[in-house]
Each structure stands twice: as structure tokens, then as C-alpha cells.
Amino acid sequence: MRWFTEDEYTEHHTRERDLWAAVVTQALMDATARRESYHRAHTRGWLLNDASDFPFVCQCAGLNPTSVRKYARALRDGNWARAQLPFGQNGRSPMRGAV
């Protein structure tokens, strides 16, 4: 039994990937927040060091985990607090086309 037609599957798959990309984008936004918090520190650790969930989330988003981590390290090295995230149209992840 098929749950989706091919077109419905493609649309569903795209929306799911967009949702996971939003998770990564939100993590980058949280990591660059100006206000010190446990959440900010935890998110930075997740972006830079997590070995299980982070790669999975990136892969679900259609993003290369190595590229996202390299981007996060560049943000860290350039001073998190001053980071300007280059969001694309509709708030889409800036790394979407980079993989």
C-alpha cells in the first residue's frame, strides 16, 4: 500500500527537510544570541561537539554536517556575539545551497 503519490511524497519530503533546516537555523540563531544563558551555551556545544544528534539533524535537513560545523566554527572564531547570519529569502538556511 502506498501512502503518497510520487508528487505528494516529493512535497512532503521537501517540507520535512525545510523543517529540519529550520532546526539548524534556529540553533545558529540561539548560539549567536547576545544574552548569556544555559541554552546558548548548550546550543554552541551541540553545534561544535555533538556526535550523534547533530549529524542526523543535518542529514535530515539535506545539509552536510561537516559544512555546517565549519560554518559554526567560523562564527565562534569571529566572536559569536557579533555574528550576522546571512539568512536567505523566507528565512531559509544560508547553507541550503552550499551542500
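Above this text is the structure in question.
Residues numbered from 1 in each chain as written. Predicted model: local features only at pLDDT ≥ 70, side-chain atom pairs only at ≥ 80, totals over all residues. Heavy atoms only, no water.

1. A look at the packing of helix α2 (residues 38-49) against helix α4 (residues 65-77)
α4 packs onto α2 with a crossing angle of 130° between their chain directions and a minimal axis gap of 8 Å. As judged from the angle between their axes, α2 and α4 are oblique. Residue-level contacts link W46, L47, L48 and N49 of α2 to R69, A72, R73 and R76 of α4. Here the contact of α2 with α4 is built from residues that sort into four nonpolar, one polar and three charged. (Axes fitted to C-alpha atoms, helices over the stretch in contact; angles between N-to-C directions. Helix = DSSP H or I, 4+ residues; strand = E, 2+ residues; numbered from the N terminus. Parallel < 35°, antiparallel > 145°, perpendicular 65-115°, else oblique. Contact = heavy atoms within 4.5 Å. Nonpolar A, V, L, I, M, F, W, Y, C, P; charged D, E, K, R; others polar.)

2. As for helix α3 (residues 53-60)
If you check which residues of α3 are buried, you get F54, V57, C58 and C60. For α3, the buried positions fall inside an angular range of 160° around the axis, keeping them on one side. In the segment just after α3, G62 is the residue with positive phi, at about 75°. (Buried < 20%, exposed > 50% of the residue type's maximum accessible area, 1.4 Å probe, protein only. Arc of directions from axis to C-beta.)

3. Observations regarding the pattern of salt bridges
Scanning the model with the defined rule gives two salt bridges in all. Its salt-bridge partner being R76, residue D77 comes within 2.9 Å of it at the nearest N-O pair. Judged by its relative accessible area of 37%, R76 falls in the partly exposed class. (Salt bridge = Lys/Arg side-chain N within 4 Å of Asp/Glu carboxyl O.)

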